[in-house]
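Here's the letter readout for the chains.
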Amino acid sequence: MLWGCLASLAILCGPKAFAQSTDIFRVEYLNIPENDSGIKTQRYKFLFNLPIQVNAKKDYLITGMEYNRFDVGYSQDFPFDKSELIRFHVIDMNLGFITKWNENWNFVSILTPRMASNFTSGSLTDDFFLNATAAFWKERPNADRPYRIVLGLTYNSTTGIPVPLPLINYYRKFHPKWSYTLGIPRSSFKHYINKKHSVDLALFLDGYFINVQNNIVLPNDQVASKISLTALVGTLGYQYNLSKNTSIFVMAGRSFEQEGKLRNDDQGDVFLLNDEANFYIRTGFKIGIF
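Bear in mind the structure is a predicted one, so any value in this text is a computation, not a measurement.

Novice: What should I look at first to understand the nonpolar core in this one?
Specialist: One recurring pattern in soluble globular proteins: nonpolar side chains tend to sit buried together. Ranked by size, the top nonpolar core spans 31 residues in total, and within it Phe80, Leu85, Phe88, Ile210, Ile227 and Leu262 carry the most contacts. Of the residues forming this core, the biggest block, 7 residues, is contributed by strand E11 (residues 197–217). What Leu262 contacts, discounting residues up to four positions off in sequence, is Phe80, Leu85, Leu218, Ala224, Lys226, Ile227, Gly268, Asp269, Val270, Phe271 and Leu273.

Novice: Which parts of the structure should I look at to understand the environment of Thr158?
Specialist: Counting through the fold element by element, Thr158 comes out in the loop between strand E7 (147–156) and strand E8 (165–175). Thr158 gets classed as buried once you look at its relative accessible area, which sits at 9%. Placed 124 residues apart in sequence, Thr158 and Arg282 show a C-alpha to C-alpha distance of 24 Å.

Novice: I tried to follow unusual backbone geometry on my own but got confused; where do I start?
Specialist: Note: most residues except glycine have negative phi, and most peptide bonds are trans. Backbone geometry places Asp221, a non-glycine residue, at a positive phi of 70 degrees. Note on placement: Asp221 falls in the loop between E11 and strand E12 (223–241). For Gln267, which is not glycine, the phi torsion reads 70 degrees and is therefore positive. In this fold, Gln267 is placed in the loop between strand E13 (246–263) and strand E14 (269–274).

Novice: Any chance you could explain the pattern of salt bridges here in plain terms?
Specialist: Side-chain pairs of opposite charge can arise where the charged atoms are in close proximity. Inspection of every chain in the model, using the stated rule, returns 16 salt bridges. The partner of Asp71 in a salt bridge is Arg69, with the nearest N and O atoms 2.7 Å apart. By relative accessible area, Asp71 is classed as buried at 14%. Taking the relative accessible area as the measure of exposure, Arg69 reaches 23% and is therefore partly exposed. Among the salt bridges present, the one from Asp269 reaches Arg263, with a minimum N-O distance of 3.1 Å. Given a relative accessible area of 45%, Asp269 falls into the partly exposed group.

Conventions adopted
Along each chain, the written sequence defines residue order, and numbers are assigned to residues from 1. In keeping with the model being predicted, local features are shown solely for residues with a pLDDT of at least 70 and side-chain atom pairs are shown and tallied solely at 80 or more, while totals for entire chains, interfaces and linings include all residues. As a convention, hydrogens and water are excluded, and side-chain values are obtained from all of the structure's heavy atoms. Residues grouped as a nonpolar core are buried Ala, Val, Leu, Ile, Met, Phe, Trp, Tyr and Cys residues, joined through side-chain atoms within 4.5 Å. Throughout this description, buried means an accessible area under 20% of the type-specific maximum (1.4 Å probe, protein chains only), exposed means over 50%, and partly exposed covers the range between. Where helices and strands are cited, they refer to DSSP runs of H or I of at least four residues and of E of at least two residues respectively, numbered from the N terminus. Contact criterion: two residues are considered in contact whenever any of their non-hydrogen atoms come within 4.5 Å of each other. Any Lys or Arg side-chain nitrogen located within 4 Å of an Asp or Glu carboxyl oxygen qualifies as a salt bridge.

Spelled out as structure tokens, the structure:
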């Protein structure tokens, strides 16, 4: 029950909002090969979570961290120095609390301080971001058709929208071998071949928003201080279970829409780096709760 809630929140909020996950441990590699814009991206991820029961009611404190390193390569020239845009780091420290609200619903609150920067000059105030989520969660894992629903609000300081946004997610296992999840930023359709093997089709948003410490002066006299990537991705995924809670996985697909941009301090667009769709390959190893 506890980890079903975190699963829904991870699917809903994704990497741009916060890094909560049902995994205790996860290592992952992402490759977005070079496209017509001459840009390629690699991401290396490390994640660790620890649940702590705090009382007899089975309220839980969730602590954890996630680290992502992005390596970006360029094969074409731009009218500015690219040396500030080669390597980026995102560090999340997660703190959450889960409690039973009433007989049917649980309440989840999660606070995620984030450092996202190229860190060329140590750490600066502009490298710091803060994300938060509050949601109600209901689940019936033992029903004939197990389901889960999450309703709440999420605030992401990197979206440029100064108010919390609605958070809605619905999961249903409608057959012993089939399930689906409907939500934003991720929806999926999954087939369980047997206890060892499963495949899924997924549509989701991915990307990042990161501070650039040394401002980049552009030819139009504008100044870039942030870099962002937003991609709508469709993938076919496969998972092999080494044990009940340990697995390896791979997913491959393509982005339908993709925009990499330089932005100013007001998060306005100042230079388009990349708007070409591209292949998307991700693989990793994880130890989960279920």
